[in-house]
Amino acid sequence: METQVTKLSKWVKQLRAQVPVVKSKLINEIPGPINFPFIGNIIYFCDPKYGLDPRHTLRTMKYVNGKYGPMVRLKVPLRPTMVFLFDPYLCEKVYSSLGCQPVRPAFDALTFVQSRRQSWQGKKGLLVSHKEEWKDMRTKVQQPMLRPETAKCYISQLEEIATEFIENKVIPHRNKNNEMPDDFQQVCIQTHQIFIRLLNSTLKNN
């Protein structure tokens, strides 16, 4: 008689057999805009209608995804080659292949700020830490942070903040096409700066 474990094992094997096999690609085989010596391909990594304007980053991503597919290569001068993924399945494969000690270079600005502040007590957090440090912190915070009961404590506050932002910063400034003005990104930055100052003040008072 088959046990539940045996049945589960067979079911998992069947699911794995249904997963399509994706052939690995060399970095130079990944599609992307034409690449030039020294300057890379960043000058063509944009929507022709909006150019390199950073305010239209989402439109740029939509354009390159439609033109080059779910995996797009970007080469920037003096930086390692970057690959943008637009398929959740590919993202899952990347994260699962990194194991329990990942190296995920990102958030350079946050890393720089932390390096110049002593209040962090040497702790970088999950966003910018790597390898053993990331594993150690993830192990400690995973259970308390991922419990639904814990998240419920913050839902009402987050909902209040989100609702206030939409009512005061979004709805009054939309045009007849429900589009935001060109300076909306700057408004978001200013709002974020105010929030950080309030948060720091609250932490100091407590």
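Residues numbered from 1 in each chain as written. Predicted model: local features only at pLDDT ≥ 70, side-chain atom pairs only at ≥ 80, totals over all residues. Heavy atoms only, no water.

Novice: Explain the overall build of the protein chain to me, using residue names and the numbers behind them.
Specialist: Along the protein chain, the regular secondary structure elements total 7 helices and 2 strands. Along the protein chain, from the amino end to the carboxyl end, the secondary structure elements read α-α-β-β-α-α-α-α-α. Classification of the 206 residues of the protein chain by burial places 14% in the buried group. For the protein chain, the share of sequence-separated contacts (at least 6 apart) that also reach a separation of at least 24 residues comes to 39%. (Helix = DSSP H or I, 4+ residues; strand = E, 2+ residues; numbered from the N terminus. Buried < 20%, exposed > 50% of the residue type's maximum accessible area, 1.4 Å probe, protein only. Contact = heavy atoms within 4.5 Å.)

Novice: Can you break down the packing of aromatic side chains residue by residue, with the values?
Specialist: Per the counting criterion, the structure on display carries 2 aromatic pairs. Between Phe 36 and Tyr 44, the ring centres sit 6.0 Å apart and the planes meet at 35 degrees, which makes this aromatic pair tilted. On the numbers, 5.3 Å between centres and 35 degrees between planes, the contact of Phe 45 with Phe 84 is tilted. Of this pair, Phe 45 sits in the loop between α1 (4–18) and α2 (57–68) while Phe 84 sits in strand β2 (residues 82–85), and the two are 39 residues apart along the sequence. (Phe/Tyr/Trp six-rings, centres within 6.5 Å; stacked < 30°, edge-to-face > 60°.)

Novice: Describe in detail α2, supporting the description with residues and values.
Specialist: Here α2 contains 12 residues, and its C-alpha end-to-end distance of 16 Å stays within 8% of the 16 Å for a straight helix at 1.5 Å per residue. For α2, every residue scored as buried is listed here: Thr 60, Met 61, Val 64 and Tyr 68. The buried residues of α2 occupy an angular sector of 100 degrees when the element is viewed end-on, so they sit on one face. Pointing more than 90 degrees away from the buried face of α2 are the exposed residues Leu 58, Lys 62 and Gly 66. (Expected span 1.5 Å × (residues − 1). Arc of directions from axis to C-beta.)

Novice: How would you sum up the environment of Phe 165? Please name residues and give values.
Specialist: Mapping Phe 165 onto the fold places it in helix α6 (residues 148–170). Not counting residues within four places of it along the chain, the set of residues in contact with Phe 165 comprises Val 170, Phe 184, Cys 188 and Thr 191.

Novice: So what's going on with the nonpolar core? Residues and values would help.
Specialist: Counting 7 residues, the largest nonpolar core is built from Phe 45, Met 61, Val 64, Tyr 68, Val 72, Leu 74 and Val 76. Mapped by element, the contributors of at least two residues to this core are α2 and β1 (71–74). By residue number, the principal contributor to this core is α2, which donates 3 residues. Beyond its immediate sequence surroundings of up to four residues, Tyr 68 is in contact with Pro 31, Gly 32 and Pro 33. (Core = buried A, V, L, I, M, F, W, Y, C linked by side-chain atoms within 4.5 Å.)

Novice: Please set out unusual backbone geometry residue by residue, giving values where relevant.
Specialist: Phi is mostly negative for residues that are not glycine, and the peptide bonds are mostly trans. In this structure, Phe 38 takes a positive phi of about 75 degrees despite not being glycine. Inspection of the secondary structure assignment puts Phe 38 in the loop between α1 and α2. On the accessibility criterion, Phe 38 (79% relative accessible area) is exposed.

Everything listed is a geometric property; what it means functionally is a separate question.
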